[in-house]
Each structure stands twice: as C-alpha cells, then as structure tokens.
Amino acid sequence: MRISISYHKCTPLIDLWCECQIKTPNIRLVSLHQSRCTLQIFLHFCIHTLYCLFEYHRLVFVDYSVVHAESLFVLMQDHCLIDLLHQWQDGKLPVDIACVISNHERGPNTGVCRFLERHGIPYHYLHTTEENKREEEILELVQDTDFLVLARYMQILSGNFLNSYGKDVINIHHGLLPSFKGGRPSKQAFDAGVKLIGATTHFVTQELDAGPIIEQMVARVSHRDNLQSFVQKSENLEKQCLSRSIKSYCELRVLPYEDNKTVVF
C-alpha cells in the first residue's frame, strides 16, 4: 500500500483552518500567519506518523545529459544520477526507483546502464526536440510514481505536463537561485567572478527556476580556480544538495509556507 501526498495541495485546507481559527473567539492568535504555521506543524506531525507506517516512496529519476562542445560537461553529465543511485544502493534514500528516463542515448556497456540492469531498474531513452518533448510518453511511464526528480534535466516541463502529473517534481539547479538562471549557470558564475558558488533544489513550477526552494548549499571559490575546478566544486555541491533534499522530502520534513516558500524541519 502506498500513500501519495502533494504538499502544495494542503493550501486550501490551511486557508480553511485559518478562517475557522480567526472566527473562534476562544482561540488567541496574533495573526493569520501564526494560524497557518500552527496547522502546518500539526499536519507535519500527522503526516510524519503516516511516514513511519509507510516508509518507502516510488519515484523516477529523470536524467538529462548536456551535450556541448566542451568535453567537461559531457564527461561530468551523470554525477547527480550516479550519486543518487549509489546512495539508494546503500540504503540511504527511502525510495523505490521506478525507472530512469533520459533524452541522451547511452550504450548498454556504460556504467549507468550496467548498474540499472543489474538492479532491475528500467531505463528509457526518449529523444526530444523543441517541437516534441515526448511529454505524453513520459506521463505514461511515471503515472504510478509519487514524485519526480530531475537530475540535470534541462528541458522545461510544460504547464500541461505538471497539471496532468499532479504531484511534486524536484529539480536541482547548479547555481544559487535566483542568480544565474537558465542553462550553464556554473559557466555564468565563473565568468562573473563570483567568490561563493552554490546549488539549489526547488519544486518545479511553470515559471523557470522559480518554484519554492527546498535546499541551498554554498562553497567558496577564488581566483586560483580554473573552470574545471570551479565546475568540480559546483558538482559536488549539487550531489549533496539533491540527496539531502530527497531525504528531507521522503521523511516528510518539507512543508509549504506562504506563497513560494518552504519550511524544512
């Protein structure tokens, strides 16, 4: 038996709770904001109890490979996916991986494909174009999952896809949002001469890289870093940030807060 919960769908319940609280004279509340927080904490403990009974979640890793002339991006393309797979193998992530979907074809003898075959995890290659993102096929593959993880999937999911799927989608952005949005943010940050680099995980919304932030991590860089060491540090942050976010999400410690924020316990 599985329980699927989309945290963003709690908002109508929270609003109803707040209205009842404000109209009840026997309950002393300073503000609507305080009332929302009260219910969010209450929901957290209720959902956490359910989590203790139903520990595992089904999800799908959606993976994308950036194919540019720069060989560094091609060689480092699987770092988030590989890290998550190994953490799953070691029992550090309470998930059941339904499948891995990619728009970059991999040979059967690659490390990723051998790992997936050894553990019985389906791998689906779907070639995408600007005209055809293959979203209907992706929806068929993920319909029985509880949430999606975009591991460097640089395609923009349409509003129709998000509405049809109807559950949470987590994305890793290799940069500190809201700075350096879009593609190749590490290269953007390197060219800008930043002294702190970061990684951000957030829920996916129809607006690019603008969903509620789940986790952010930072590291210091300097003029001594070239592009290769800069990107390596950035990728290490991405792996840590994404795995921490998935673990927090699966443990039901991520709650919506106000319009575009989260509280992580």
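Just so you know, these numbers come straight off a predicted model, no measurement behind them.

Undergrad: Which residues make up the pairing of strand E9 (residues 261-264), and what are the values?
TA: One ladder, built from four bridges, connects strand E8 (residues 254-257) with E9; its direction is antiparallel. Bridging across to E9, tyrosine 257 finds its partner in lysine 261. Between E8 and E9, which pair antiparallel one after the other, the connecting turn spans three residues, and glutamate 258 there sits at a positive phi close to 55 degrees.

Undergrad: How would you sum up the side chain of histidine 173? Please name residues and give values.
TA: With respect to the secondary-structure elements, histidine 173 resides in strand E5 (residues 169-173). A polar side-chain atom of histidine 173 sits 3.4 Å from a polar atom in the side chain of aspartate 209.

Undergrad: Account for the confidence of the model for the chain, with residues named and values stated.
TA: Overall, the predicted model of the chain reaches an average pLDDT of 75, with 71% of residues at or above 70. In this model residues 64-76 is a low-confidence stretch, pLDDT under 50, and it forms 28 contacts with partners more than four residues away in sequence or in other chains.

Undergrad: Hey, could you go over helix H9 (residues 227-250) for me, with residue numbers and the actual values?
TA: If you check H9, its first and last C-alpha atoms are 34 Å apart, about what 24 residues at 1.5 Å a residue would give, namely 34 Å. Capping the start of H9, asparagine 226 holds a side-chain oxygen 3.1 Å from the backbone nitrogen of glutamine 228, two or three residues further along. Phi turns positive, to about 60 degrees, at leucine 252, one or two residues after H9.

Undergrad: I'd love a proper account of the packing of aromatic side chains, names of residues and values included.
TA: All chains considered together, the criterion is met by four aromatic pairs. Judged by centre distance (5.3 Å) and plane angle (75 degrees), the ring pair of phenylalanine 190 and phenylalanine 230 falls under edge-to-face. Here the residue phenylalanine 190 occupies a position in helix H8 (residues 185-192), and phenylalanine 230 occupies one in helix H9, the gap between them amounting to 40 residues. Each residue in the set Phe147, Phe203 and Tyr249 is aromatic and connected to the rest through ring pairs, giving one cluster.

Undergrad: Which residues make up the packing of helix H4 (residues 79-89) against helix H5 (residues 111-118), and what are the values?
TA: Orientation of H4 relative to H5, taken along the N-to-C sense of each, is 25 degrees, at an axis distance of 11 Å. The orientation of H4 with respect to H5, classified from their angle, is roughly parallel. Crossing geometry of H4 relative to H5 is assigned as left-handed. Packed against H4, whose contacting residues are Leu81, Ile82, Leu85, His86, Trp88 and Gln89, the element H5 presents Val112, Phe115 and Leu116 at the interface.

Undergrad: Hey, could you go over the pattern of salt bridges for me, with residue numbers and the actual values?
TA: Counted by the stated rule, this structure contains eight salt bridges. Here glutamate 258 makes a salt bridge to lysine 261, at a shortest N to O gap of 3.3 Å. Residues participating in the shared-partner salt-bridge network are Lys247, Glu251 and Arg253.

Thresholds applied
Residues numbered from 1 in each chain as written. Predicted model: local features only at pLDDT ≥ 70, side-chain atom pairs only at ≥ 80, totals over all residues. Heavy atoms only, no water. Pairing = 2+ DSSP bridges. Helix = DSSP H or I, 4+ residues; strand = E, 2+ residues; numbered from the N terminus. Polar contact = N/O pair within 3.5 Å; in protein donor to acceptor, adjacent residues only side chain to side chain. pLDDT = per-residue confidence, 0-100. Contact = heavy atoms within 4.5 Å. Expected span 1.5 Å × (residues − 1). Phe/Tyr/Trp six-rings, centres within 6.5 Å; stacked < 30°, edge-to-face > 60°. Axes fitted to C-alpha atoms, helices over the stretch in contact; angles between N-to-C directions. Parallel < 35°, antiparallel > 145°, perpendicular 65-115°, else oblique. Left-handed = near helix turned anticlockwise from the far one by under 90°. Salt bridge = Lys/Arg side-chain N within 4 Å of Asp/Glu carboxyl O.

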